[in-house]
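# Examining the three-dimensional arrangement
This is what each chain is made of:
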Amino acid sequence: MYIARMGQLMRTDTSLLYCLRDEGIDPGELCIAQLDIYTAQNVDGIRNRFPVERRILGNVKTQVLIQRLNCLLRTALCVSGVDLIIRVFIVDIQITVPEYRYKADLTRLQIDIGNHVDIRVRTFSDIHLPDERGKFCFVVNGEKIFVRGTNWVPLDALHSRDAAQYESAIKLVTDANCNMIRCWGGNVYEDTRFFDLCDENGIMVWQDFAMGCAFYPQRDDFLDQFREEVTSVVLKLRNHASLALWAGNNEDDANLFWSRLQPFHLDPNRDQVSRHVIPEVLYEFDGTRPYLPSSPYYSEAVWEKGSLEQYLPENHLWGPRGYYKDKFYTTAPCTFVSEIGYHGCPNRSSLEKMMTAEGLYPWTEGRQWNDEWITKSTRRFVAWGPTMDRNNLMLNQVNILFGSVPDDLDEFIFASQSVQAEAMKYFVEMWRGRKFERTGIIWWNVRDGWPIISDAVVDYYGSKKLAYYFLSNVQKNVCVFVNDPVDGAYPLVAVNDTRHPAEGTVTVTDVATGREVFKGSYRVGANGRETIARLPVLEGQGMLQIRYEADGERFGNHYLYGEPPYDLKEYRNWLDKTKLYANKDK
């Protein structure tokens, strides 16, 4: 296995080396590195680069200061047109386990091979998926990681403007305390700066190859062209420590069961693109990372069992998009959900930017969507005519939770955002509440790439919907929350995604009455989950406020109890009393 960077070696080379693990000494200790330098003969094309004839040029010993953590390094570099394969063996290295986001240890080491090369090393190692059938879990340096992630779509429909928005978009991700970004298959391949920022901020990246919701040609000419694309992408991105997983596509396997191809009963495991071309390139150029052929992945074992979703350990949960507590969500058998979301109306300030003054109010007579709101919902195919289904999702979801849809625009915006926020909060707490029976949730999605009405939690203009604040609150490293009743009681749960025990006090009160429901303390082990108490089920409707301490800091949360529909004004009053989300965007 070689990690290659093609092109001329510069005096200061900030390309990334992927590190494999070893074990041993304390950071700061000086150790000896043995360098074996070989020639590597160029052959026809990158694809045939290895295996090739190699001749050893000699050995070099150098002293390397271990600043934080390093590992076995292997890389191939090109110097003045001569290919060198440099194998750097650094022995007895201390491997640390990851924190809530993996350790973003950026180490600089200088290796003397005749001229000085300054190599920047992001040390992130040994991430894999266990082979046990029916499980899907990310493991870093032997430690299970509960994934709190977001899906990523292009930042702008005009991609020349993407790079200028990387910093602000990544800040949205880190402020929401996500530890993973899934670069969805309908995406573009993000540029180096995106991955640099993920490296620096300790955000793992799940990278789909750019295919989605289709069955791609199996002809040799297409396969050859796609092989070139995959090779180019892998060579460009593989040296980024943040890159955790390659995935073949988005929903191509699933597409065979709900598209017009369904009558043909095609086995997705016969797909040449995802089962042969991509893994062959990865075998040659990046054997260090796991590969998921499709998301969700219909393996041969799933195919043999009739391709039923109950056998998918990783899945996308969209379904009817009705009440967010429907059995579709609460009884989903998958252990890892990589797409799940809920619609929410943008803030008024953003609507005023994307609509004309005449089109700002959404409805005509009979509550029919006006043309501008239909366009922003989005129009897909001319033959389909007006596509209002996504806007209608908001109406249906508001009606379920609050019993009616407000006529006033500002009230409608608040109602729609409240439903989205409660749904997204519920999904994350439901998943975290069953850690590690459930191993991660990647919700849809952090930000829009165009002015539209969608399920993103931040719109194209950077204006945050209420859901963004709810999500940021329930994705804290240590979080206390209430799950839905189990065996006649509410579980009061503490989860801890740090690598040290957490403890503190916790108080639960009824917002409307101020009555204390619970007061006590909790302790939860490193990377653990504990049930603090089982609270009695309360009659009627209301909101509980949870106040707790963790690592000396004070935090808060809430839980909406009872059955819908709720009174919208009463809900707003409860939420305002908590003072948890007072700084939200308008």
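As the structure is a prediction and not an experimental result, all values here were calculated from the model. (Residues numbered from 1 in each chain as written. Predicted model: local features only at pLDDT ≥ 70, side-chain atom pairs only at ≥ 80, totals over all residues. Heavy atoms only, no water.)

## Let's talk about the overall build of the protein
Helix and strand content of the protein: 13 helices and 29 strands. A total of 586 residues make up the protein; the buried ones form 57% of that total. Taking all contacts inside the protein whose residues are at least 6 apart in sequence as the whole, residues at least 24 apart take part in 69%. Of the roughly 24,700 Å² of accessible surface on the protein, 49% is carried by carbon and sulfur atoms. (Helix = DSSP H or I, 4+ residues; strand = E, 2+ residues; numbered from the N terminus. Buried < 20%, exposed > 50% of the residue type's maximum accessible area, 1.4 Å probe, protein only. Contact = heavy atoms within 4.5 Å. Areas by Shrake-Rupley, 256 points an atom, 1.4 Å probe, with all protein chains shown as cover.)

## Quick notes on the pairing of strand β22 (residues 440–443)
Where a strand is regular, its side chains alternate between the two sheet faces. Covered by surrounding structure in β22 are Gly440 and Ile442 together with Ile441 and Trp443, the residues of both alternating faces. Pairing between strand β13 (residues 147–152) and β22: four bridges, direction parallel. Considered in β22, the bridge of Val147 is made with Gly440. Sheet topology note: the strand β19 (residues 336–340)/β22 ladder contains two bridges and is parallel. Looking at the pairing, Val337 lines up with Ile441 of β22. (Pairing = 2+ DSSP bridges.)

## A few points about helix α10 (residues 389–402)
Its 14 residues place the ends of α10 20 Å apart at the C-alpha level, agreeing with the 20 Å of an ideal helix rising 1.5 Å per residue. Within α10 the residues assigned to the buried category are Asn391, Leu393, Met394, Leu395, Gln397, Val398, Leu401 and Phe402. As for α10, its buried residues are in contact with β20 (363–364), β21 (368–369), α9 (371–378), α11 (409–432) and α13 (568–578). Backbone geometry just after α10 places Gly403 at a positive phi near 85°. (Expected span 1.5 Å × (residues − 1).)

## Comments concerning the packing of α9 against α10
In contact at an axis separation of 8 Å, α9 and α10 are set at 100° when each is read in the N-to-C sense. Accordingly, the angle class assigned to the pair α9 and α10 is roughly perpendicular. Residues Trp373, Ile374 and Ser377 of α9 lie in contact with α10, whose contacting residues are Arg390, Asn391 and Met394. Along the lines of polarity and charge, the residues of the contact of α9 with α10 split into three nonpolar, two polar and one charged. (Axes fitted to C-alpha atoms, helices over the stretch in contact; angles between N-to-C directions. Parallel < 35°, antiparallel > 145°, perpendicular 65-115°, else oblique. Nonpolar A, V, L, I, M, F, W, Y, C, P; charged D, E, K, R; others polar.)

## Comments concerning the sheet that holds strand β27 (residues 529–536)
What the three strands build is an open sheet, ordered β23-β24-β27; its pairing is antiparallel. Only two strands of the sheet have a single partner each, and these edge strands are β23 (478–482) and β27. Recorded for the sheet is a direction-independent mean angle of 15° between the axes of neighbouring strands. Bridge count for strand β24 (residues 489–496) against β27 is seven bridges, and the pairing is antiparallel.

## Things to note about the packing of α11 against helix α12 (residues 466–474)
Where α11 contacts α12, the axes come no closer than 8 Å and their chain directions differ by 20°. The orientation of α11 with respect to α12, classified from their angle, is roughly parallel. At the point where α11 passes α12, the crossing takes the right-handed sense. Taking contact as the criterion, the partners of Gln417, Ser418, Gln420, Ala421, Glu422, Met424, Lys425, Val428, Glu429 and Arg432 in α11 are, on α12, Leu466, Ala467, Phe470, Leu471 and Val474. Within the contact of α11 with α12, the residues separate by chemical class into eight nonpolar, three polar and four charged. (Left-handed = near helix turned anticlockwise from the far one by under 90°.)

## Regarding the pattern of salt bridges
According to the stated counting rule, one finds 24 salt bridges in the structure shown. A salt bridge links Arg321 to Asp455, with the nearest nitrogen and oxygen atoms 3.9 Å apart. Highlighted residues: Arg321 in the loop between β18 (314–317) and α7 (327–330) and Asp455 in the loop between β22 and α12, separated in sequence by 134 residues. Neither Arg321 nor Asp455 differs from the other in exposure class; each is buried. Glu411 is paired through a salt bridge with Arg572; the nearest N and O atoms lie 2.8 Å apart. With Glu411 in helix α11 and Arg572 in helix α13, this pair connects stretches of sequence that are 161 residues apart. The class of Glu411 is partly exposed, set by a relative accessible area of 24%. Linked through salt bridges whose partners overlap, the residues forming this network are Arg148, Arg432, Lys435 and Asp497. (Salt bridge = Lys/Arg side-chain N within 4 Å of Asp/Glu carboxyl O.)

## Here's the deal with the sheet that holds β18
Taken together, the eight strands give an open sheet; going across it, the order is β17-β16-β15-β14-β13-β22-β19-β18, and neighbouring strands pair in parallel fashion. For this open sheet the edge positions go to β17 (291–292) and β18, each flanked by a neighbour on one side alone. In this structure, β13 lies alongside strand β14 (residues 180–183), joined through four bridges in parallel fashion. Each residue of the ladder has a partner; that of Trp152, found in β14, is Cys183.

## Digging into the nonpolar core
Within the largest apolar cluster, 123 residues are counted, with the highest numbers of intra-cluster contacts made by Trp152, Phe194, Phe427 and Tyr522. Per element, the largest residue contribution to this core is 14 residues, and it comes from α11. Phe138, Val140, Met204 and Ile442 belong to the second largest nonpolar core, which has 14 residues in total. (Core = buried A, V, L, I, M, F, W, Y, C linked by side-chain atoms within 4.5 Å.)

## A word on the packing of aromatic side chains
Per the counting criterion, the structure on display carries 34 aromatic pairs. With 5.5 Å between their ring centres and 75° between their planes, Tyr460 and Tyr461 make a pair best called edge-to-face. Owing to a relative accessible area of 15%, Tyr460 belongs among the buried residues under this scheme. Look at Tyr461 and you get partly exposed, because its relative accessible area is 30%. Put simply, the rings of Tyr323, Tyr324, Phe328, Tyr329, Tyr342, Tyr426 and Phe427 pair up and form one aromatic cluster. Taking NZ or CZ as reference, Arg367 lies 4.6 Å from the ring centre of Trp363, over its face. (Phe/Tyr/Trp six-rings, centres within 6.5 Å; stacked < 30°, edge-to-face > 60°. Lys NZ or Arg CZ within 6 Å of the ring centre and 35° of its normal.)

## Considerations on unusual backbone geometry
A cis amide bond, omega -10°, links Lys435 with the succeeding residue Phe436. Within the secondary structure layout, Phe436 lies in the loop between α11 and β22. For the bond running from Pro564 to Pro565, omega is 5°, close enough to zero to count as cis. With respect to the helices, strands and loops of the structure, Pro565 is situated in the loop between β29 (553–561) and α13.

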